[in-house]
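Listed below, chain by chain, are the residues.
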Amino acid sequence: METIKDILEIEDSGDFDQAFESYNRLYQTNPLDFEIWKHFYFFLWTAIEDASSEFHERINLRQKLQEMYEDGKKRFQNYTEFKFIAGWTVSIFPYEYGNYEDLEREGNELLRQANQEQPDDKIYRMVYLGSFDSDKEEYRQAELEASPVVMKRFQGPGLLNRYFRQVLNRKK
């Protein structure tokens, strides 16, 4: 059976079908492993924009994403990193999860909780400040402080790491 490292390499190759099948097998045998959940869930989230409509239909992507989100809430709700990842994804595409306004609030609340639980985490702080109309100077300072942390934390392979390096590295 493949490891998470193997699957991240499959993700990087762009093979959505093989990555999905591998994640599905690995998650079924390890449903309490947060690292597997996190990467599988994020893979599904990125597939919304990046995978073919045929892939969406075949795996019933929206339903699978919602199921993984609910699994995460049930199993990992006390993990600050869960709150960050789920909060980010839900606040970006709340309409993929159900009632737009309720889910947008839920996503922003998860981001607030992550920041509150780990107020010294520069990434959580920047993302939380960006989730509402915060002071522009305070937010810009948070961006500058978070940039090197982003590059270090998300340096590995896979869609999650690549996405956050691209989206959260705002040192420009």
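Preceding this paragraph is the structure being described.
Computed from a predicted structure; not experimentally measured.

Rules of the game
Residues numbered from 1 in each chain as written. Predicted model: local features only at pLDDT ≥ 70, side-chain atom pairs only at ≥ 80, totals over all residues. Heavy atoms only, no water. Helix = DSSP H or I, 4+ residues; strand = E, 2+ residues; numbered from the N terminus. Rg over C-alpha atoms; globule rule 2.2 N^0.38 Å. Buried < 20%, exposed > 50% of the residue type's maximum accessible area, 1.4 Å probe, protein only. Contact = heavy atoms within 4.5 Å. Areas by Shrake-Rupley, 256 points an atom, 1.4 Å probe, with all protein chains shown as cover. Lys, Arg positive; Asp, Glu negative; His and termini not counted. Charge placed at Lys NZ, Arg CZ, Asp CG, Glu CD. Phe/Tyr/Trp six-rings, centres within 6.5 Å; stacked < 30°, edge-to-face > 60°. Expected span 1.5 Å × (residues − 1). Core = buried A, V, L, I, M, F, W, Y, C linked by side-chain atoms within 4.5 Å. Salt bridge = Lys/Arg side-chain N within 4 Å of Asp/Glu carboxyl O. Arc of directions from axis to C-beta. Axes fitted to C-alpha atoms, helices over the stretch in contact; angles between N-to-C directions. Left-handed = near helix turned anticlockwise from the far one by under 90°. Nonpolar A, V, L, I, M, F, W, Y, C, P; charged D, E, K, R; others polar.

## Describing the overall build of the chain
Right, so step 1: Looking only at helices and strands, one finds 10 helices and zero strands in the chain.
Right, so step 2: Taken from the N to the C terminus, the helices and strands of the chain come in the order α-α-α-α-α-α-α-α-α-α.
Right, so step 3: For 172 residues, the compact-globule formula gives about 16 Å, and the C-alpha radius of gyration of the chain, at 16 Å, lands near that figure.
Right, so step 4: By its C-alpha atoms, the chain is 45 × 35 × 30 Å across when sized along the principal axes.
Right, so step 5: Relative to its 172 residues, the chain shows a buried fraction of 47%.
Right, so step 6: Sequence-distant contacts in the chain: of pairs separated by 6 or more residues, those separated by 24 or more amount to 60%.
Right, so step 7: With an accessible surface of roughly 9,000 Å², the chain has 46% of that area assigned to carbon and sulfur atoms.
Right, so step 8: In the chain, 23 side chains carry a positive charge and 33 a negative one; their mean positions are 4 Å apart.

## A few points about the packing of aromatic side chains
We describe a pair of aromatic rings using the distance from one ring centre to the other and the angle between the two ring planes.
Right, so step 1: One pass over the full model with this rule turns up 31 aromatic pairs.
Right, so step 2: Between tyrosine 23 and phenylalanine 40, the aromatic rings sit 5.1 Å apart at their centres with planes inclined by 15 degrees, giving stacked as the arrangement. A residue pair is termed long-range when its members are at least 10 positions apart, and tyrosine 23 in helix H2 (residues 16-29) and phenylalanine 40 in helix H3 (residues 34-50) qualify at 17 residues. Accessibility assignment for this pair places tyrosine 23 and phenylalanine 40 in one class, buried.

## Quick word on helix H6 (residues 80-92)
Since the α-helix packs 3.6 residues into each turn, any two residues three or four apart lie on the same face.
Right, so step 1: Here H6 is 13 residues long and its end C-alpha atoms lie 18 Å apart, about the 18 Å a rise of 1.5 Å per residue gives.
Right, so step 2: Of all 13 residues that make up H6, 11 are buried, and the element is covered over most of its length.
Right, so step 3: Residues of H6 that are buried: Thr80, Phe82, Lys83, Phe84, Ile85, Ala86, Gly87, Trp88, Thr89, Val90 and Ser91.
Right, so step 4: For H6, the elements touching its buried residues are H3, helix H5 (61-76), helix H7 (100-117), helix H8 (122-130) and helix H10 (159-168).

## What to know about the nonpolar core
A general feature of soluble globular proteins is that nonpolar side chains tend to end up buried together.
Right, so step 1: Counting residues in each nonpolar core, the largest one holds 55 residues, and the members touching the most others are Phe43, Phe84 and Phe164.
Right, so step 2: The leading source of residues in this core is H3, at 11 residues.
Right, so step 3: Discounting residues that sit within four places of it in the chain, phenylalanine 43 has contacts with Glu11, Phe16, Ala19, Phe20, Tyr23, Phe55 and Leu159.

## Comments concerning the pattern of salt bridges
Right, so step 1: Following the criterion strictly, the structure yields 17 salt bridges and no others.
Right, so step 2: In this structure, the salt-bridge partner of glutamate 2 is arginine 25, at a minimum N-O distance of 3.2 Å. Highlighted residues: glutamate 2 in the segment before helix H1 (4-13) and arginine 25 in helix H2, separated in sequence by 23 residues.
Right, so step 3: Taking the relative accessible area as the measure of exposure, arginine 25 reaches 40% and is therefore partly exposed.
Right, so step 4: A salt bridge links lysine 5 to glutamate 9; its shortest N-O distance comes to 3.9 Å. Taken together, the residues lysine 5 and glutamate 9, both in helix H1 and four residues apart, mark about one turn of the helix.
Right, so step 5: Look at lysine 5 and you get exposed, because its relative accessible area is 54%.
Right, so step 6: Salt bridges here are not isolated pairs; linked through shared partners, they connect Asp17, Glu54 and Arg58.

## What to know about H5
Right, so step 1: Its 16 residues place the ends of H5 21 Å apart at the C-alpha level, agreeing with the 22 Å of an ideal helix rising 1.5 Å per residue.
Right, so step 2: All of the buried residues along H5 are Leu61, Lys64, Leu65, Met68, Tyr69, Asp71, Gly72 and Phe76. End-on view of H5: buried residues confined to an arc of 160 degrees, all on one side of the axis.

## Comments concerning the packing of H6 against H8
Right, so step 1: At a closest axis distance of 11 Å, the pairing of H6 and H8 adopts a crossing angle of 35 degrees. Taken as a pair, H6 and H8 cross one another with a handedness that is left-handed. Contact with H6, carried on its side by Thr80, Glu81, Phe84 and Trp88, involves Ile123, Tyr124 and Val127 of H8 and no other residues of that element.
Right, so step 2: Residue composition of the contact of H6 with H8, grouped by class: five nonpolar, one polar and one charged.

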